[in-house]
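An overview of the molecular structure
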Amino acid sequence: MTETVWWKRGTVYQVYPRSFQDTDGDGVGDLPGITARLDYLAWLGVDAVWISPVYPSPMADFGYDVADYCGIDPLFGTLADFDTLVAEAHRRKLKVILDFVPNHSSIAHPWFTQSRSSRQSPKRDWYIWRDPAPDGGPPNNWLSNFGGPAWTLDPATGQYYYHAFLPEQPDLNWREPAVRAAMHDALRFWLERGVDGFRVDVIWHLMKDAGFRDNPENPGYRPGAPEINRFHQVYSADQPEVFAVIAGMRAVLAPYGERVLIGEIYLPIERLMAYYGPDLTGADLPFNFQLIQTPWKAGAVRDLVESYEAALPPGGWPNWVLGNHDQPRIAARVGEAQARVAAMLLLTLRGTPTLYYGDEIGLAHVPVPPERVRDPWERNEPGHGRDPERTPMQWDDAPNAGFSEAEPWLPLAADWPARNVEALRDAPGSILTLHRRLLRLRREHPALSVGDYRTVAAAGDEVFAYERFAGPETMRVLLNFGADARTEPLSEGAWTILLSTRAGRGGEATRDSVALGPDEGVILLRG
Ligand code: NOJ
């Protein structure tokens with residue numbers, strides 16, 4: 001098992017830094033806060049921590065608008081704080097993955113200031129400038145992912161610039177070799193500081209159609225859905241030239257040894273697979289968000305797992321995600337009982353799991369009153385905002401859940417006095433204990449971390465059953481997606497329950513069949 005590279009064996013834990021731990025009393029989390037909580041992450045049993053952006057930023061999109069790719073925003077601390085975090089993480093055998101946002105910078109980045117200063121600026125081509133359409137309007141029909149046109153007119157030079165997200169996030173022009181070189185330098189800056197890899201923001205967006213053709217209309221668009229869905233994003237993203245760009249990034253990482261490149265990609269499975277790249281020169285892990293997008297039914301999830309496994313290119317390592325800072329929380333979507341089943345699924349499927357902070361304590365949808373809305377998307381397109389999944393981590397029953405001495409930047413869940421790490425960590429039946437046990441099992445059993453996968457036929461259509469196996473070891477996972485108790489047959493021989501989503505069944509021996517309670521998942525070991 002030690003032969004397998006860490007990012008295949010291990011579990012990634014995503015920290016949204018604004019919401020993890022505040023140490024300077026401004027109601028916003030910071031780097032020393034993450035460092036202070038590394039013991040918790042080591043105790044929980046994850047292997048790597050991915051930190052959403054902490055670069056200097058005007059925070060129009062909370063750090064996904066970068067004004068300096070080689071610095072730390074004072075809100076989060078200093079470069080020295082960052083170095084301390086990396087050193088302390090490594091001391092605990094935790095890897096550190098940085099969020100890298102190469103598709104767009106902040107409008108405040110000096111590169112953009114120079115680029116917009118004149119059509120003759122040496123940095124003009126670092127961004128995407130186009131003349132107005134003959135009627136003076138935007139150059140084409142591309143829309144912003146946050147609603148409205150993706151083009152903003154800059155009166156100073158009479159041209160439009162392109163932004164796939166906010167006008168404050170102009171897209172960089174990756175066809176410009178100097179942009180690639182500058183970005184590669186930024187990657188090296190962090191690699192030299194010891195980071196173990198990158199999660200690359202919207203990696204499938206990096207190249208756009210050279211001819212800027214209009215996107216085709218989506219006849220299936222229904223009003224109320226995000227406006228971006230009015231068109232199929234045929235020309236504004238997912239272009240064949242992107243694979244050379246990604247291979248270029250991989251080549252920057254290569255001399256540094258076991259570093260990981262994770263790509264954020266929202267595409268259907270067939271397209272997603274292309275991001276492993278020709279001969280696996282692409283992302284090590286093209287993020288697999290399919291579990292977020294699939295109906296929460298045993299059959300649908302089984303079909304998804306099978307089609308994803310079948311579509312993987314030879315040698316391509318799978319990965320699974322249940323949530324992140326852009327998606328409704330899993331417990332909000334399926335309820336706490338099924339969130340436990342989901343945790344068992346995430347941590348027993350074949351492939352690297354990414355766990356979103358707070359999911360381990362069952363954080364659900366936190367209502368955010370209109371006056372406390374922070375997400376710019378919610379302001380543009382009400383109902384689509386992401387604040388409810390970005391609320392502070394709940395540590396204990398101290399004021400503000402131990403997150404901050406000040407009023408947190410987003411509200412806490414109403415049940416924080418009971419739903420916090422301190423209250424749940426020693427409770428045998430808690431969702432936190434379940435996560436810790438699952439993570440420990442994954443570490444102890446190569447069958448779970450690096451073993452093979454096969455689906456097992458289940459008797460009931462509300463049960464998803466599969467096996468993970470390596471060498472002499474076979475584990476069977478049975479997940480009851482339904483609210484009725486049922487009995488599932490087992491193949492011949494003796495089986496032992498290693499873990500259930502309900503407390504108290506560990507060690508139970510059985511033959512022939514196993515009883516599953518409502519919403520119960522179990523992991524059995526053969527023999
Ligand atoms: C994806 C990030 O996860 C999201 O939070 C952000 O708003 C967009 N990319 C733009 O960077």
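Small disclaimer: the values here were computed from a predicted structure and weren't measured. (Residues numbered from 1 in each chain as written. Predicted model: local features only at pLDDT ≥ 70, side-chain atom pairs only at ≥ 80, totals over all residues. Heavy atoms only, no water.)

In this description, an aromatic ring pair is defined by two values, namely the gap between the centres and the angle between the planes. With the rule as written, the count across this model stands at 36 aromatic pairs. Among the aromatic residues, those joined into a cluster by ring pairs are Tyr-55, Tyr-69, Phe-82, Phe-100, Trp-111, Trp-126, Phe-189, Trp-190 and Phe-198. The cationic tip of Lys-123 hangs over the ring face of Trp-126; the distance from NZ or CZ to the ring centre is 4.7 Å. Taking the ring centre of Tyr-357 as reference, the NZ or CZ of Arg-329 above it sits at 4.8 Å. (Phe/Tyr/Trp six-rings, centres within 6.5 Å; stacked < 30°, edge-to-face > 60°. Lys NZ or Arg CZ within 6 Å of the ring centre and 35° of its normal.)

For the rest of this paragraph, the subject is the sheet that holds strand E4 (residues 129–130). Strand order in the open sheet formed by 3 strands is E4-E6-E5, and the pairing between neighbours is antiparallel. The open sheet terminates on both sides in strands that have one partner only, identified here as E4 and strand E5 (151–154). (Pairing = 2+ DSSP bridges. Helix = DSSP H or I, 4+ residues; strand = E, 2+ residues; numbered from the N terminus.)

A separate point is the pattern of salt bridges. As enumerated under the stated definition, the model contains 33 salt bridges in all. One salt bridge connects Arg-505 with Glu-508, and the closest N-O pair in it is separated by 2.9 Å. What makes Glu-508 partly exposed here is its relative accessible area of 34%. Through salt bridges with shared partners, one network takes in Asp-61, Asp-326, Asp-375, Arg-386 and Arg-390. (Salt bridge = Lys/Arg side-chain N within 4 Å of Asp/Glu carboxyl O. Buried < 20%, exposed > 50% of the residue type's maximum accessible area, 1.4 Å probe, protein only.)

Here we take up unusual backbone geometry. Trans peptide bonds make up most of the peptide bonds, and negative phi angles are found at most residues other than glycine. Not every positive phi belongs to a glycine, and Asp-279 is a case in point at roughly 50°. Mapping Asp-279 onto the fold places it in the loop between helix H8 (269–273) and strand E9 (285–286). For Asp-279, a relative accessible area of 77% corresponds to the exposed category. Notably, Asn-400 is not glycine yet its phi reads approximately 55°, a positive angle. On the secondary structure map, Asn-400 appears in the loop between helix H12 (376–380) and helix H13 (421–424).

Moving on, we come to the pairing of strand E2 (residues 48–51). On E2, burial covers both faces: Ala-48 and Trp-50 on one face and Val-49 and Ile-51 on the other are all buried. In the sheet, strand E1 (residues 12–15) pairs with E2 via 4 bridges, with the strands oriented parallel. Across the sheet, the residue bridging to Tyr-13 is Val-49, located in E2. Pairing of E2 with strand E3 (residues 95–100) involves 4 bridges; the strand directions are parallel. Bridged to Ile-51 within E3 is Leu-98. Following the backbone out of E2, through helix H4 (residues 79–91) and into the adjacent parallel E3, one traces a crossover that is right-handed. (Right-handed = clockwise from strand over helix to strand, strands pointing away.)

Our next topic: the domain arrangement of the chain. By the assigned domains, the chain splits into domain 1 (6–104 + 176–438), domain 2 (110–162) and domain 3 (452–526). A straight line from the C-alpha centre of domain 2 to that of domain 3 covers 57 Å. (Domains from an automatic or database assignment.)

Right, let's talk about the sheet that holds strand E14 (residues 473–480) for a bit. Spatial strand order, E12-E13-E14-E17-E15-E16: 6 strands in an open sheet with antiparallel pairing. Each end of this open sheet is capped by a strand with a single partner; those strands are strand E12 (452–456) and strand E16 (509–516). Sheet twist, expressed as the average angle between the axes of neighbouring strands with direction ignored, equals 45°. The strands touched by helix H14 (residues 431–444) within the sheet are strand E15 (486–500) and strand E17 (521–526), with E15 carrying the most contacts at an inclination of about 110°. (Axes fitted to C-alpha atoms, helices over the stretch in contact; angles between N-to-C directions. Contact = heavy atoms within 4.5 Å.)

Here we come to helix H6 (residues 177–192). The terminal C-alpha atoms of H6 lie 22 Å apart, and with 16 residues this matches the ideal 22 Å at 1.5 Å per residue to within 8%. Buried within H6 are the following residues: Val-179, Ala-182, Met-183, His-184, Ala-186, Leu-187, Trp-190 and Leu-191. Where H6 is buried, its residues touch H4, E3, helix H5 (110–117), strand E7 (197–200) and helix H7 (242–253). Positive phi shows up at Gly-194, right after H6, with a value of about 100°. (Expected span 1.5 Å × (residues − 1).)

Side chains that are three or four residues apart share a direction in an α-helix, a result of its 3.6 residues per turn. Taking 1.5 Å per residue as the helical rise, H14 with its 14 residues ought to reach 20 Å, and the 20 Å between its terminal C-alpha atoms agrees with that figure. If you check which residues of H14 are buried, you get Ile-431, Leu-432, Thr-433, Leu-434, His-435, Leu-438, Leu-439, Leu-441 and Arg-442.

In the vicinity of the ligand lie 14 residues, with Asp-61, His-104, Asp-201, His-325 and Asp-326 positioned nearest. Here an oxygen atom of the ligand sits 2.9 Å away from a polar atom, N or O, in the side chain of His-104. In the model, an oxygen atom of the ligand is placed 2.7 Å from a nitrogen or oxygen of the Asp-201 side chain. Notes on the ligand: free accessible area 300 Å², of which the protein chains cover 98%. Tallied by class, residues from the shell around the ligand come to 4 nonpolar, 3 polar and 7 charged. (Near = heavy atom within 4 Å. Polar contact = N/O pair within 3.5 Å; in protein donor to acceptor, adjacent residues only side chain to side chain. Areas by Shrake-Rupley, 256 points an atom, 1.4 Å probe, with all protein chains shown as cover. Nonpolar A, V, L, I, M, F, W, Y, C, P; charged D, E, K, R; others polar.)

With 6 of 8 residues buried, strand E13 (residues 463–470) lies mostly within the body of the structure. Here E12 runs beside E13; their pairing, made up of 5 bridges, is antiparallel. Opposite Tyr-453, over in E13, you have Arg-468 as the bridge partner. The hairpin formed by E12 and E13 contains 6 residues between the paired strands. Sheet analysis places E13 next to E14, joined by 8 bridges and oriented antiparallel. Paired with Val-463 across the strands is Asn-480, a residue of E14. Here E13 hands over to E14 after 2 residues, with Gly-471 in that stretch at a positive phi of 55°.

Assignment of secondary structure puts Tyr-276 in the loop between H8 and E9. Remark: the alpha-carbon pair of Tyr-276 and Ala-48, spanning 228 residues in sequence, is separated by 21 Å. In this structure, Tyr-276 is in contact with Thr-281, Gly-282, Ala-283, Asp-284, Pro-286, Tyr-308, Leu-312, Pro-313, Gly-316, Trp-317, Pro-318 and Asn-319, ignoring residues within four places of it in sequence. Within polar-contact distance, the side chain of Tyr-276 engages the backbone oxygen of Trp-317 at 2.6 Å.

The next thing to look at is the environment of Phe-231. Inspection of the secondary structure assignment puts Phe-231 in the loop between E7 and H7. Given a relative accessible area of 10%, Phe-231 falls into the buried group. Along the backbone, Phe-231 and Asn-141 are 90 residues apart, and their C-alpha atoms lie at a distance of 8.7 Å. Filtering out sequence-adjacent residues up to four positions away, Phe-231 remains in contact with Asn-141, Leu-143, Asn-215, Pro-216, Glu-217 and Asn-218.

Bringing the packing of H6 against H7 into the picture now. Relative to each other, H6 and H7 sit at 35°, their axes nearing to 10 Å. For the pair H6 and H7, the crossing hand works out as right-handed. In contact with Arg-180, His-184, Leu-187, Arg-188 and Leu-191 of H6, H7 contributes Val-245, Gly-248, Met-249, Val-252 and Leu-253. Considering only residue class, the contact of H6 with H7 consists of 6 nonpolar, 2 polar and 2 charged. (Left-handed = near helix turned anticlockwise from the far one by under 90°.)

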